[in-house]
Amino acid sequence: MELSLFDVLGPVMIGPSSSHTAGAARLADVARQIAGEFVHVSFGLHGSFARTYRGHGTDRALVAGALGLSPQDERLRRAFDLARERGVAFDFYPTHVEGAHENTVVMTFRSADGRERTIEGASLGGGRIRICRIDDYPAEITADAPTLVILQQDRQGMVSHVTQILAERGINIAVMRLSRTARGEIACCVIEVDGELPAGLVERVAGVPGGLSARAVR
């Protein structure tokens, strides 16, 4: 088995645990980028997260990530106070997700107009994460590469419109995953790319006929 120095030493972070602290912060930060603007976030904690979240600082790390703080930001310890200062409400509750990783959290972001987006993810250790589900759509997002998350009408030609936009910008697609709840309804398209996502790209993709929303994870 090949191991990198990062795997042995772990990420640069505010401790005490790479999975319960650094990974939790990264997980909530990626979820925030997918969810967009919000005024309230609920964290449903599964498995080990539910049992040890206070002692390992998982609660503060999750709130910090939802505020956009990195795992090495020293303000992580003050995450609760920072959230209140910004007018962001939060709560925690135990939950059970069948078959899920021990360090799983279900995050429900609520916007000022009452819209909700629920994102399930897991902290895998060493600061690595995986977004497993976005609302009712299976996902497989590690955030190891710049990623587009697109909600769109499930109809012919939608994917080709998006790929054409990327091709025009000289962006190479590394991985693409598409899921839907039923034929002809809403589909979730996740695209990992090589290189950076240029300014204006997300707005262009969201403006495709039949597109509902587009978010970038960087």
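Basis of the calculations
- Residues numbered from 1 in each chain as written.
- Predicted model: local features only at pLDDT ≥ 70, side-chain atom pairs only at ≥ 80, totals over all residues.
- Heavy atoms only, no water.
- Pairing = 2+ DSSP bridges.
- Helix = DSSP H or I, 4+ residues; strand = E, 2+ residues; numbered from the N terminus.
- Axes fitted to C-alpha atoms, helices over the stretch in contact; angles between N-to-C directions.
- Buried < 20%, exposed > 50% of the residue type's maximum accessible area, 1.4 Å probe, protein only.
- Phe/Tyr/Trp six-rings, centres within 6.5 Å; stacked < 30°, edge-to-face > 60°.
- Lys NZ or Arg CZ within 6 Å of the ring centre and 35° of its normal.
- pLDDT = per-residue confidence, 0-100.
- Contact = heavy atoms within 4.5 Å.
- Disulfide = S-S within 2.5 Å.

## Considerations on the sheet that holds strand β9 (residues 186-193)
Link 1 in the chain: Ordered in space as β8-β9-β7-β10, the four strands form an open sheet in which the pairing is antiparallel. Edge strands, defined here as strands with exactly one partner in the open sheet, are β8 (173-180) and β10 (211-217). For this sheet, the mean angle separating the axes of adjacent strands, direction not counted, is 15°.
Link 2 in the chain: When strand β7 (residues 147-153) meets β9, the two strands line up antiparallel, connected through seven bridges. When the sheet's bridge partners are listed, Thr147 is paired in β9 with Glu192.

## Concerning helix α4 (residues 58-66)
In an α-helix, one full turn covers 3.6 residues, which means residues spaced three or four apart are oriented alike.
Link 1 in the chain: Counting buried residues along α4, eight of its nine residues qualify, which places the element largely inside the surrounding structure.
Link 2 in the chain: Here α4 has its buried residues at Thr58, Asp59, Ala61, Leu62, Val63, Ala64, Gly65 and Ala66.
Link 3 in the chain: A positive phi of about 90° marks Gly68, the residue just after α4.

## Section: the packing of aromatic side chains
Any two aromatic rings considered together are summarised by their centre-to-centre distance and by the angle between their planes.
Link 1 in the chain: Here the structure, examined in full by the defined rule, presents six aromatic pairs.
Link 2 in the chain: Here Phe38 and Phe109 contribute two aromatic rings whose centre-to-centre distance is 4.9 Å and whose plane-to-plane angle is 80°, an arrangement assigned as edge-to-face. With a gap of 71 residues between them, Phe38 in the loop between α2 (18-35) and β1 (40-47) and Phe109 in strand β3 (residues 103-110) connect regions that are remote in the sequence.
Link 3 in the chain: Ring geometry for Phe80 and Phe92: centres 6.2 Å apart, planes at 45°, overall tilted. With Phe80 in helix α5 (residues 79-85) and Phe92 in strand β2 (residues 89-94), this residue pair connects regions lying 12 residues apart in the sequence.
Link 4 in the chain: Taking relative accessible area as the criterion, Phe92 reaches 22% and is therefore assigned partly exposed.
Link 5 in the chain: Following the ring pairs from residue to residue traces out a cluster consisting of Phe43, Tyr53, Phe80, Phe90 and Phe92.
Link 6 in the chain: For the cation-ring pair, Arg60 lies above Phe80, with the distance from its terminal atom to the ring centre recorded as 4.7 Å.

## With respect to the confidence of the model for the protein chain
Link 1 in the chain: Across the protein chain, pLDDT averages 91, with 92% of residues at or above 70.
Link 2 in the chain: Ignoring residues within four places in sequence, the model shows residues 1-16, a span with pLDDT below 50, making 22 contacts including any to other chains.

## Re the state of the cysteines
Link 1 in the chain: Using the criterion set out here, one finds zero disulfides in the structure.
Link 2 in the chain: Between Cys132, a cysteine without a disulfide, and Cys188, which holds the nearest cysteine sulfur, the sulfur-to-sulfur distance is 13 Å.
Link 3 in the chain: Counting only cysteine sulfurs, Cys188 is the nearest neighbor of Cys189, a cysteine outside any disulfide, at a range of 7.5 Å.
Link 4 in the chain: The class for Cys189 is buried, based on a relative accessible area of 1%.

## Description of the sheet that holds β3
Note on sheets: strands pair through backbone hydrogen bonds, and any given pair is parallel or antiparallel.
Link 1 in the chain: The strand order across the open sheet built from six strands is β2-β1-β3-β4-β5-β6, with neighbouring strands paired in mixed fashion. Since the sheet does not close on itself, it has two edges, and those belong to β2 and β6 (137-141), each with one partner. Going across the sheet, the axis of each strand differs from the next one's by a mean of 20°, ignoring polarity.
Link 2 in the chain: Examined bridge by bridge, β1 and β3 share eight bridges and lie antiparallel to one another. Residue pairing in the sheet places Gly47 in a bridge with Asn103 of β3.

## Some remarks on the environment of Ala199
Link 1 in the chain: Of note, Ala199 is situated in the loop between β9 and α7 (201-206).
Link 2 in the chain: Among the residues examined, Ala199 registers a relative accessible area of 75% and is labelled exposed.
Link 3 in the chain: Placed 23 residues apart in sequence, Ala199 and Met176 show a C-alpha to C-alpha distance of 21 Å.

## Considerations on the pairing of strand β5 (residues 128-134)
Link 1 in the chain: Sheet topology note: the strand β4 (residues 116-125)/β5 ladder contains six bridges and is antiparallel. Bridging from a neighbouring strand, Ala122 pairs with Arg130 of β5.
Link 2 in the chain: Following β4, the chain reverses through two residues before pairing antiparallel with β5; Gly126 in that reversal takes a positive phi of roughly 65°.
Link 3 in the chain: In this structure, β5 lies alongside β6, joined through three bridges in antiparallel fashion. From the neighbouring strand, Ile134 faces β6, where its bridge partner is Tyr137.
Link 4 in the chain: Between the antiparallel neighbours β5 and β6 lie two residues, among them Asp135 with a positive phi of about 55°.

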